[in-house]
Every structure is written in structure tokens, then in C-alpha cells.
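Here is what each chain is made of, one letter per residue.
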Protein chains: 4
Amino acid sequence: MNHFGVKFCVTTFGESHGGAIGCIVDGVPAGLEIDEKYIQNETDKRKPGTTKFATQRKESDKVRILSGVFNGVSTGAPIALVIFNENQKSGDYENIKSLFRPSHADFTYFKKYGIRDYRGGGRSSARETAARVAAGAIAKILLEKFGIEIKSGIFAVAGIEAKNLDFEYAKTSEIFALDKTVEKAQKEAVLKAKEDGDSVGGCVFVKISNAPIGLGEPLYNKLDGALAGALMGINGVKAVEIGEGVNASRLRGSQNNDQMDKNGFMSNHAGGILGGISTGEDMDLKIYFKPTPSIFLEQQTQNEQNESAKFNLKGRHDPCIAIRGSIVANAMASLVVADMLLLNTTCTIENLKKIYKQERK
Amino acid sequence: MNHFGVKFCVTTFGESHGGAIGCIVDGVPAGLEIDEKYIQNETDKRKPGTTKFATQRKESDKVRILSGVFNGVSTGAPIALVIFNENQKSGDYENIKSLFRPSHADFTYFKKYGIRDYRGGGRSSARETAARVAAGAIAKILLEKFGIEIKSGIFAVAGIEAKNLDFEYAKTSEIFALDKTVEKAQKEAVLKAKEDGDSVGGCVFVKISNAPIGLGEPLYNKLDGALAGALMGINGVKAVEIGEGVNASRLRGSQNNDQMDKNGFMSNHAGGILGGISTGEDMDLKIYFKPTPSIFLEQQTQNEQNESAKFNLKGRHDPCIAIRGSIVANAMASLVVADMLLLNTTCTIENLKKIYKQERK
Amino acid sequence: MNHFGVKFCVTTFGESHGGAIGCIVDGVPAGLEIDEKYIQNETDKRKPGTTKFATQRKESDKVRILSGVFNGVSTGAPIALVIFNENQKSGDYENIKSLFRPSHADFTYFKKYGIRDYRGGGRSSARETAARVAAGAIAKILLEKFGIEIKSGIFAVAGIEAKNLDFEYAKTSEIFALDKTVEKAQKEAVLKAKEDGDSVGGCVFVKISNAPIGLGEPLYNKLDGALAGALMGINGVKAVEIGEGVNASRLRGSQNNDQMDKNGFMSNHAGGILGGISTGEDMDLKIYFKPTPSIFLEQQTQNEQNESAKFNLKGRHDPCIAIRGSIVANAMASLVVADMLLLNTTCTIENLKKIYKQERK
Amino acid sequence: MNHFGVKFCVTTFGESHGGAIGCIVDGVPAGLEIDEKYIQNETDKRKPGTTKFATQRKESDKVRILSGVFNGVSTGAPIALVIFNENQKSGDYENIKSLFRPSHADFTYFKKYGIRDYRGGGRSSARETAARVAAGAIAKILLEKFGIEIKSGIFAVAGIEAKNLDFEYAKTSEIFALDKTVEKAQKEAVLKAKEDGDSVGGCVFVKISNAPIGLGEPLYNKLDGALAGALMGINGVKAVEIGEGVNASRLRGSQNNDQMDKNGFMSNHAGGILGGISTGEDMDLKIYFKPTPSIFLEQQTQNEQNESAKFNLKGRHDPCIAIRGSIVANAMASLVVADMLLLNTTCTIENLKKIYKQERK
């Protein structure tokens, strides 16, 4: 399977050290204004080298649209986006050519494929996510047109949790922190780890607002299943929660049920999804990232001949992948919701009658 | 999309009050001995009415194989399994015909489809999962042939957590408890809630052992993404963890990385999956279930005309869906791993050479 | 891959001598009136044993709806249809247990799967098509609602071709003949072959009328590609033509082009499809069936041990599979068009605006 | 749906006048030597401007590999190929901006998407096929490794048919003619039509040799169905035949059946496919192309406001699209067979045992 989505499909290609990375987004309805600057901005959010809280690698990430857009409007044909690779120092990786970096995908890729592109993680590298973010930007343009918002930010770093959620603030924060009152402590945790040659984990919060009721295709393409699959599939993610999440397992039904009155839902423990379908309430998702495996402390590992070896990392790496990961999580959630928006059009005959006349010639 | 899986495909059909439920399992390699008793046993584990910790509804769940098996062996054709519905009391649901039961799928299904089969949850009911468990049994037969084991049990109930994991003990426990020392407290929590007309949540632990290295198809069909999607898609699941899970987000890289020596991995925080591919170590998954929405306390809700209404449940319901849910989680994990086992055969030319000769005529 | 279609999905199961055959139709929009009698009638058209021009096997083909329909209306859930097998004489096949019947699928199934259900063709038998016809009936109900008609009939038998196309007449003809003036000769050709213990081939004409412009999803799900794939996939089909077909390859552009004026197309050599998308004109398809492989003359073959053997058929067989094949072709074309009708709803932002409001809360 | 194939997947992007065209080929097993020159050569076969029998447009079609190949060997990651567009004269199309060229896809694309890229056919142009041919080249590299050959050539032009099939000769012929004895007449027909400002149709023959027995996944991904779908989906194709094709419908069973003896098949009317599965015999396919719609005679058409208009073509066009179409047909057949080769690996437990050990730890 080479793509993500059923109607709003995304296929990506590229590695960190190949010629380029990119994606093809298919299923975009014709007639949508495609703002190249918007796509570039979204992609740039994910870019490293901008703050001391992320890796200092410079990547220019200039997005080019190769097809599917004519006079600034989608034609209905697949939209291909390409980002050419610059500034990849293959030299940084020479010394670890035959070693498996601990908790990276080196070992598993080598065992599965019998061959490994050791330059910076190849297909498994974070760089590939730039293509997903660019694709997610197109999804967000589509969703925006119908008032649907996908917001995100950092909920926690090194276990230091936000007490309030301010998504507007997060847009301005260097670490996308959702709570200004704990931001300083979160930043310090990142810098301390960096100083120690180590890394920290974090938690991303994604909120989907204003989605229509009815998104999700039970049973095998339920909205919660699709979101969890898309988010857990992001490199480094080890847990996903929806709504009340883990805590729901500790509550009683009388506490967790969302009762209703004539105005609608009286609470939202469900996190906006019931029976795999959106309820119209906010969808609240928490995505937990492990700490970056790339640390500068000496570690023990194996080499390709199954011998013990010492591993010392070189290069420039994120001390907290959750930070830039929040942009990727936002993009993946956008792709899922866009797909569901398109899939939902045929759920009733009523809908079809709005599209097709019923005359006979 | 009407199915689950890419090569090992499952499509289910049926509702709790339709004529029957069933599934079609396609992609089963020919030559596999299909033990009907084994399928029946697995399906029976999920059956209600056997203990006071689950609903007292009687369902006989007799599985019939309609195709794809000849002389007890799979032929390579799709295997259809059917379970005929008995003992559904439509009468139990008459009074709530036009009400939305809180935290059930009634509201969302009605809004999406404009029509709702109010008898017991229709397509969204737990009964449909019997078909999935039957399909999962076939997956387990396949996996067993290659030494792969999928074990499960109850990790927590109402927040009371196991301290040790004894999967053999769980098979004998009435509530599939993994830890005998907390089982009594867990059972009491269930009965207390039941007495109160309420319900409790729980957490299921699934352990996949002995899988070969290399399962998972990056990037859009990664093993962790597929597992998370399959598990979060189970009705009532609100969080999924792999390996270190939520806790990974609180650790440093130096603590969370799995170092290696010549004998292999020295730890397994990754939970058996790196880069979306199995490492050969145990895969540890935690699946968090909300408490059953069906409780006997009076609740407020809406009816189909958007008016406030009181809701009083009748019928027979699980006080803790996680218990029988553990069997469904085990089945879904089995289906994912079986699919990945088949998908992985073509990852290298070396593999293809084992299947195809290279002669020219 | 276990199904047909992307949005309007059909999965079938069953063999001629298993417990039952059936199908699951997923993606049917909710709110469609499902007329069980109509489904039964369509399925009965394909039934053998009704005339001397088809096999004398008696099969009752009673269709049961197991799910997805409530109070005679589709709920949006998958619709499962089952037909229980009666009257399969396994005894008829005992003598050929280890022989490969010439031009049947016995040889290829045995080589691929290493195991073969020799009773009457197993999964490859014509009987499985009853399930497809039942599924096609649901597709036709959906299409009918939007004025789209799928008509069919026999164009040729043993090379005797119709000169006119009367689809109304074909409904009444014992061999679905489209041209009354050649029907007698066509019937005689069938009976003569039958008398000789032999069989004849034929050609089916399918006409799709009144489809909206725009059906088809370039490039990988074009309408002509989808139709050709569905029709060539019917057992026994060896050629498919659209519009001018083979003859187009003999014409000049000036002869084959369909010019237009203000009223629309001035001709229809294209057969209603241009660029893989429907033009609004009639879609004319010709489907060529080989003669039934099952003949009563002695033939040479191989057995499972690669030894030469003589083969003498027993049982009751169609002398011209094209006749009942026309019903299957009609059903497959209906399934494709129904799928395309659903897929086409999201091709423009304009369409989406008819389904979704654009307000922000 | 944005791709072709289930395991060996191809997604293309690009238009004749966008920035570039290209494709992503996913599912290529790791360890395959990818010869860039070979891919370039195959793609060049399709290139226009090389003979007077094809359009005089110059396109350089330089293929660049952007990912999935490391040190000349596939890594198992998706392989992205890009061809940058040069030499598209947008000016050639200005005059027909709002007219629908007869028998092109202009009309249907405009009606479906409400917007049309009028520059040379946009997504529906023949140029996009360069990407498919490049992808097909990778498929052929894979097939070659297992001795499977896909050969093609021109069988007929303007109804002038080959009497013998010489695939080696076809490689050297300017029009890929399979029969030297009729090549001159075929060439003259093309030039005569070109002189008249008109075009001619043709027929391509594709022969697949040496495929293993067993390719094809009944029932919904049968080999004949997949081939027919892939070939009929090529722009301009109006009929597809397999084996005896149309003529099978005129034969008796005694004439069309392929009997067997201890050495195998005694004939091959089936064209190498029975029950949707390859028999090991040559697969013979005939693909019928309509004449190029782009002719220089004045034609009547409509414009976007539904008014009658005269249409006069400018630009440079193929007088016989079947010629270069034969390369595309070869590529599509290669993609199908490569996909089936990968899909077939899991049809038996025996096969799985060759890949996976059965030990338990």
C-alpha cells in the first residue's frame, strides 16, 4: 500500500539524502484556490534550524507545485509537490555506516530489506515529514473552506504539563507551548537535556473544531481508528488518546457518559467521536512522543555482523522531536478529516439528490 | 471501504437484530488446517451470559463455515463464517425508539444516515464483534503455524492495576485478570458498579510474541499505525499505548533508548516496534476502554425531534466492556499481524527467489 | 483484494458445493427502498433449468437479506445477501476427481493453490455469479432512482449477429435475443450444438443509458478501464468492445471522431466515454463469450500426476454460457456505474457546497 | 483512487504543460539492480519526434531517479521518477481555449471538473504516458529477473493486418511492425492519412511469455480482468482481446477447448489464462486503438457556452497513436504482471514456509 487515505489520497516519496522529497495529493476537488504561500508557510513551521530548541540543521524546504493547479485553482488532477534536498551532509553519517543507532529504524530496515541507506535515516527520517506537512496544508485549505479548524500545540515536555490550552498563544511560542505559565519550565527542560547531550519526550495536543456531524465510515474506516492509525504512524509516537483517553478507563459510566439536553451535548468526555463518527463537538487528541533517539552520550549497539560496538553520534539533532512533531500531527489529522469529509458525501440518498437530478430523458 | 487488511482481508456483516452476523476472510493461504472447534472456542470466549461479571444475555454464537474449506483445509478461496442470531429481544428496545442513548452511537448514526435501526445498536452493537473474533481465530491458526503468539488479559479495572502479568492465569480467570493478587479487588469493583446500576472502565494488555523481524510496511502501513488503528477502532476504546507508551514522553533518551549488544536488544521500551517494523522483541500494547455507556441510572438526553427527554435503560448489559473487549482486542491484533505476515513476503528479491525459479525456457 | 468497487463495494463468498453463496454490498446510501422481490427477480433471470437452451440443473436461488435493511429501507450499513445451495449433485463429479477438465480452471487452481475443490468448479463455478447478480440488483435499484438504465441482450450466437437492437424484446425472449429476425437461427445453433454434445459461443450487448456526464475517475479508475476489467473478469469472456470497438482501429479520424453542434454530439463512435469519463451519450459495450468448455465429446487431458488421460463429462451444462452470461454482464456493468456515481460526488468544490454548509460557529 | 496495482503500486502525476511529469513506484522488492539507462531507453521508445510516422514534437524525456535507489540497487522504499517538461508550446493551443476538440477529453473534463487546463490536454494528454512507461521499465527489470518477457509490436494499421509475428523485427521497425511483409503498406497508410490531414487507427499485439503458472487473484483481481482494465484504460483504446478473442464467440467448444496430454497443453485458444489465472502458456493480447482525434480537417464542435463553432487544429500530432501506444500497452501489461507476481507469493502455506521458519523460542 503506497498511500494514505481513500478519496483524499496522499503518496509521498523521497529520502533525506536522495534527490528530493515530495508528495502527490489526489482527490482534491476542482475549483479550490490553492495558495502557494500558505503551503510554504505551513511547511516552514516544521523546518529545523530556526530556534535553539530544535536541531540546527539548515534546510530550505522550498515547495514547488508541479501539477494539478491552473491559474491558482485546483483542476481535479493530482497535485504534485516537490521539495528539493539541500544541505544534507552525508559526511556526518560515514562513521556509523554499519552500526545500528539505538532506537532508530536502522536495525529493522536492515533486517527487513537486507540493505540500508545509512545516510541520515533514509526513508525513515524526519525529513520525509516535510512532504506530509505540505500535503496537510492542502487538506487544511479544503477544510478551511467549510469552517473546519485543526489546531495544535505542545501540551507537555518532559512530563511538565499545560494547565490551560491557548492555541493562539502556541502559534507564537518558540516551542508551540499551549500554556505560557509552564513554557519557561518546558524550555529549560529541553535546554538542560541538550546540554547533557540527551533528549526529552513530549505530548502534542490536537483539537479539531467545527467538523460537521457524521464524519467517519463505520466499521472499517471509523474516524477514531483512522486518526489513531495516522498519528501512531508518525515516527516516534508511542501513545494516542481521544477525549478522556486513559482516564476514561478509571471512570464510572455515570461520570464518563455525555448526557444531552435540547441544546446538545452537556459534556464531551467522548472527545467528539461516538461510534466512530464525529458528533459535532471538538475532537481532542493527545499524541505522545518518545524522546529523540539521537543523543550524544555513548551507547552500546550491534553492527551488521552482529558484533557488539560502541556508538557515538555526530550531526545535528532535535532534543525534543515532539515540538516539530506537533506540525506533523496537525497535518496527519488534517489529512484524515479531509478524507472523511469527501467520503461522507454519499451516506444518504438525500445527499445524492443534491448532486444528481432524477430526470429521465 | 468495506474491509480490514490488505492481503489478509476481513469483511463483516450483520447487526444484533438482523438475520445473522458473519464475516468473509479472504487471502488465507491454501493448505492451512482449519479447526472448526478452535474457531468456536475463540468465539465463545467473547460470549456473554457466562459469568456474573458480564451481561446475562444468552447468545449461542454457533459458527458455521460456508465456504473456503474443503476436507478441513483452506482452499485459497474466501472463507465465509456465519453466526445466526438468536435470543434478541427487540422488545427491550421499544421504549427508547426515538431517544439517543447517552454516549452510544445512536445520535451520530441518526445524524449521518438519517435513519437508525434502534434495536440494540444495530451495526454498532457489540454483537458484531463476534464475527471479528471468529475471523481473528483463523488469523491465529495461521500465526500459530509460524510460532507467533497473541496473548491478552485484563490489566486494569476501575484503575486497579496489575503488578505482574500472568497470561496463563488470565485464561482461567472469570474476568481474564492478569494478576491474581488484584483480581479480587477488580471483581469487587465490577460488582459494586453493577449493584449501583453503573459501570466501570478497564485496560486490556495484548502481548505479541515471537513475531519475525520485519513485519510492517512503511510508511503508510506501518505496524504500529495499523495496530493502533485496529484497536482504537474497537467500540469503546479511547487510548492505545505501545511499549513505554505515555511514559515514554516523560523519559529522557538515555532512559528510553533500547541499546543492543551481540545478543540483541538489552531492553524493550520500544514495545517491539521501531520505524513501524517489528524488531523481534515482544510487542506490548495497552488498550483503554471507557465504561459501558449502558447504565441503569436515569440520564438526560435528546430525542429525534431535538427535545429534552429522560432516559431509563432496560435490558441486560455488561458492567465492564473491557472484559469481553479483551477478546476482541486479541482478535484485531491477530488480524493485523496476519496481514503483515503476508505483506512482508515480497520485501526482498531474496524472498522472491525462494518462491520463483529463474529459468528461461 | 477481496472486493469489487471503491465506494460501492461488493464482496462475494461461496462455492457451488459449499453451504451457501452470497455477497456483502457496502456503501449503499441510507434511505434507498430495497425491494426484495426485485432482487429475487433479477437473480432468477440468471437461473438455470428454465429453458432447453440452458442447463437443466435445478437451483432455487432464494435470496435472503441478512443485514443493512430496516423496514424495507437501506440503513447505510452493509447489506448481506445469502443464497443457500440446494440440489448440487456431488456425485456427478466423482469420476473426474483428479482430472483437469479442458479449458476449465481446474488446472490453474490446482497449480496455484495445491488443492482443488473438484465438486463442480468450486469457487470458479458459474454458480457464484448468482451472488453478483443479486448485488447488481441493488446497484440497479440505486441507478434507477437517478434515471440510469442498464439494458442487455444477446447480440450474437455462433457468429449469427443481430441486425437491430430491441432491448424490450430481449426481455421476453428465451435466449434474450435482441433481434427477433435472427432469433430462430440462433436458437437452432444452440440446439444443434447441444445435440452434438458440443457448445457454442456468443456475444452480449450491454447499453447504459441516461448516465450523467462526468462518471469516471481518471487516470487509474477510468470508466472504460473499470468496465473492461469487470466484464473481462467474468468467467468465459475473451474480448470486450466499447463503442466502435475493433472497427475503430480500421477507421480514419475523420470517420471516427464525434463532432458536436449546439445540440450536443452528432454521432457516438466513442460509445459514450471520452477520456475515461461518460459523455452523457449511450454507452455501448460488447462482451464476447467463448463456448462452454463443458462438452460431452471425449477429450484428452492430464491428471494430477501429469499423466495423459481421457475425459468424459457427466452432469448438466449450458450449451451457450453467453445467454445466462448476459445477466451477469448486466450486473457487473451496474456495479461499476453505481460505484462511479458515488465516486463522482466530490469532483468539485461546487458539489461539496451542496452537501456542506460553510458557516463557522 | 490514485494508483495502479495492489502490491506493485504506481502513482503518476503531471500534465503536458505543468512543471514536470513523473511517477512513484512502490512495492519494488529491495535488492533489485535498477539500471537507469534501461529505464531511459524504454521511455525513449515512446518519445515523439524520431520518425515521420509520429508527431514531430520534440520532447527530451530525461528521466531522473529521486528516491528508492541506493548504489544502483532498490532499497525497498518507493522509487520516484521525474521527467521535466520542455518544449511545450502553449501558444499552439491559444486559439482553441474555449472549444472542445472533437473526440478528445476536453468536453468531459470540463463538464466533470468545471475547469479545464486547455494547454494540450492537461492530465489527459499522451505525454503523461511517459511516466507510465518509465514505471513499466522498472516492472520489466523485475520480471526479467525471473525470466518473464513482455513483447509487443504493431499487428495492424488501418485494417492492414500482420500475417506473422516477428517480435525481434518489430524492435527495429520504425513503426514497430510485427510483419515485414505488410510493413510498407502500413507505413503508406499512415503517410497517406497524414498527407490528407487525417489519421488512422491500429492494433497492438502484446505477448507475455514464460510467466509462472498461478498468477492472478480470483475473483476480483483476476489476471484477465486486470489486464483488460489496464489496457482499455489507455487513452484511445476501444477494444481488448485475449487469446482467441472475438473469434472464440464464433467457435464451438470442441474447437476452442485446449486439450492436454502428458506434456501439457495441446493448443492455446485461452491465450494463457484460465479461470483468471495464468496457465504457463503465452498470454496473447490484442489492443485496438482508435485513430488520433487530432486531425487537421475542419470539424464542427461546441464551445463552453454551448454554441456551435468551427474547429481547426494547430500543432503537431501523431497520425497513428497505436504506434507509440504499443510502448504504453507493453508498460501497462508489465505493471499488471509484476503486481500479480508479488501478490501470488502467499497463495499457499507451502510458499510461506519457504519464507518463514516455524520455530518457537
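Report on the accompanying structure. (Residues numbered from 1 in each chain as written. Chains lettered and ligands numbered in written order. Predicted model: local features only at pLDDT ≥ 70, side-chain atom pairs only at ≥ 80, totals over all residues. Heavy atoms only, no water.)

Looking only at helices and strands, chain A has nine helices and 17 strands in total. Radius of gyration (C-alpha) of chain A: 22 Å, near the 21 Å computed for a compact globule of 361 residues. By its C-alpha atoms, chain A is 75 × 55 × 40 Å across when sized along the principal axes. Residues classed as buried in chain A amount to 71% of the 361 residues present. Total accessible area computed for chain A in this model is approximately 11100 Å², and 47% of it derives from carbon and sulfur atoms. On chain A, the mean spot of the 47 positive side-chain charges and the mean spot of the 43 negative ones are 2 Å from each other. (Helix = DSSP H or I, 4+ residues; strand = E, 2+ residues; numbered from the N terminus. Rg over C-alpha atoms; globule rule 2.2 N^0.38 Å. Buried < 20%, exposed > 50% of the residue type's maximum accessible area, 1.4 Å probe, protein only. Areas by Shrake-Rupley, 256 points an atom, 1.4 Å probe, with all protein chains shown as cover. Lys, Arg positive; Asp, Glu negative; His and termini not counted. Charge placed at Lys NZ, Arg CZ, Asp CG, Glu CD.)

What follows is about the interface of chain B and chain A. Taken residue by residue, the interface counts 98 residues in chain B and 99 residues in chain A. Between chain B and chain A, roughly 7900 Å² of surface is buried when both sides are summed, and carbon and sulfur atoms account for 57% of that area. The largest share of the area that chain B buries against chain A comes from B:Lys112, B:Tyr220 and B:Lys238, three residues that together contribute 12% of it. Counting every contact that joins chain B to chain A gives six salt bridges. Looking at the side of chain B that touches chain A element by element, the count peaks at six residues for helix H2 (residues 106-113) of chain B. (Contact = heavy atoms within 4.5 Å. Buried area = accessible area lost by both parts, 1.4 Å probe. Salt bridge = Lys/Arg side-chain N within 4 Å of Asp/Glu carboxyl O.)

The next thing to look at is the packing of aromatic side chains. What the rule picks out here adds up to 32 aromatic pairs over all chains. Ring geometry for A:Phe100 against A:Phe107: centres 5.3 Å apart, planes inclined by 80°, an arrangement best described as edge-to-face. Like A:Phe107, A:Phe100 is buried. By way of ring pairs, the aromatic residues A:Phe100, A:Phe107, A:Phe110 and B:Phe265 are connected into one cluster. Positioned above the aromatic ring of B:Phe155 is the side chain of B:Lys286, whose terminal nitrogen or guanidinium carbon lies 4.8 Å from the ring centre. (Phe/Tyr/Trp six-rings, centres within 6.5 Å; stacked < 30°, edge-to-face > 60°. Lys NZ or Arg CZ within 6 Å of the ring centre and 35° of its normal.)

With an axial shift of 0.0 Å and an RMSD of 0.0 Å, the rotation relating chain B to chain A amounts to 180°. When the rotation and shift are considered jointly, the pair of chain copies conforms to a two-fold rotation axis. Among all residues of chain B, the one whose C-alpha sits closest to the rotation axis is B:Gly229, at a distance of 2.0 Å. An overlap of 100% is found between the interface residues of chain B and their copies at the interface of chain A, pointing to a shared contact surface. (Least-squares fit on C-alpha atoms with pLDDT ≥ 70 in both.)

What follows deals with the interface of chain D and chain B. With 38 residues of chain D in contact, the opposing surface of chain B contributes 38 residues. Both sides of the chain D and chain B interface together cover about 3300 Å² of buried area, and 58% of this is carbon and sulfur. In terms of surface lost to chain B, no three residues of chain D exceed D:Phe146, D:Ile349 and D:Tyr356, which account for 22% of the buried area on that side. The interface formed by chain D and chain B includes zero salt bridges. Summed over the shared surface of chain D and chain B, the result is 13 residue pairs in polar contact (both at pLDDT 80 or more). Secondary structure elements with two or more residues in the side of chain D that touches chain B: helix H3 (129-145), helix H8 (321-343) and helix H9 (349-355) of chain D. Here the side of chain D that touches chain B takes six residues from H9(D), the largest share from any one element. Residue composition of the side of chain D that touches chain B, grouped by class: 17 nonpolar, 10 polar and 11 charged. (Polar contact = N/O pair within 3.5 Å; in protein donor to acceptor, adjacent residues only side chain to side chain. Nonpolar A, V, L, I, M, F, W, Y, C, P; charged D, E, K, R; others polar.)

As for its placement among the helices and strands, B:Ala338 is situated in helix H8 (residues 321-343). Note: C-alpha distance between B:Ala338 and B:Ile141 (197 residues apart in sequence) is 9.6 Å.

Let us look at the sheet that holds strand E1 (residues 9-14) of chain B. All names here are of chain B. The antiparallel open sheet is built from four strands, whose spatial order is E1-E2-E6-E3. If you trace the sheet from one side to the other, it starts and ends with E1 and strand E3 (63-67), each paired once. Across the sheet, the axes of successive neighbouring strands diverge by a mean angle of 20°, strand direction being ignored. The pairing of E1 with strand E2 (residues 20-26) spans six bridges and is classified as antiparallel. By the bridge assignment, Val 10 is partnered in E2 with Val 25. Packing of helix H1 (residues 36-45) onto the sheet brings it into contact with E3 and strand E6 (79-84), and relative to E3 it is tilted by some 135°. (Pairing = 2+ DSSP bridges. Axes fitted to C-alpha atoms, helices over the stretch in contact; angles between N-to-C directions.)

Structurally, the position occupied by C:Thr75 is in the loop between strand E5 (73-74) and strand E6 (79-84). One polar contact links the side chain of C:Thr75 to the main-chain amide nitrogen of C:Ala77, over a distance of 3.2 Å. Discounting residues that sit within four places of it in the chain, C:Thr75 has contacts with B:Tyr113, B:Ile115, C:Ala30, C:Gly68, C:Val69 and C:Phe70.

Turning our attention to unusual backbone geometry. Of note, the phi angle at B:Asn210 is positive, near 75°, even though the residue is not glycine. Here B:Asn210 lies in the loop between strand E9 (202-209) and helix H6 (223-232). Residues other than glycine seldom take positive phi values, yet C:Ser103 does so here, at roughly 60°. Position of C:Ser103 relative to the elements: it lies in the loop between E6 and helix H2 (106-113).

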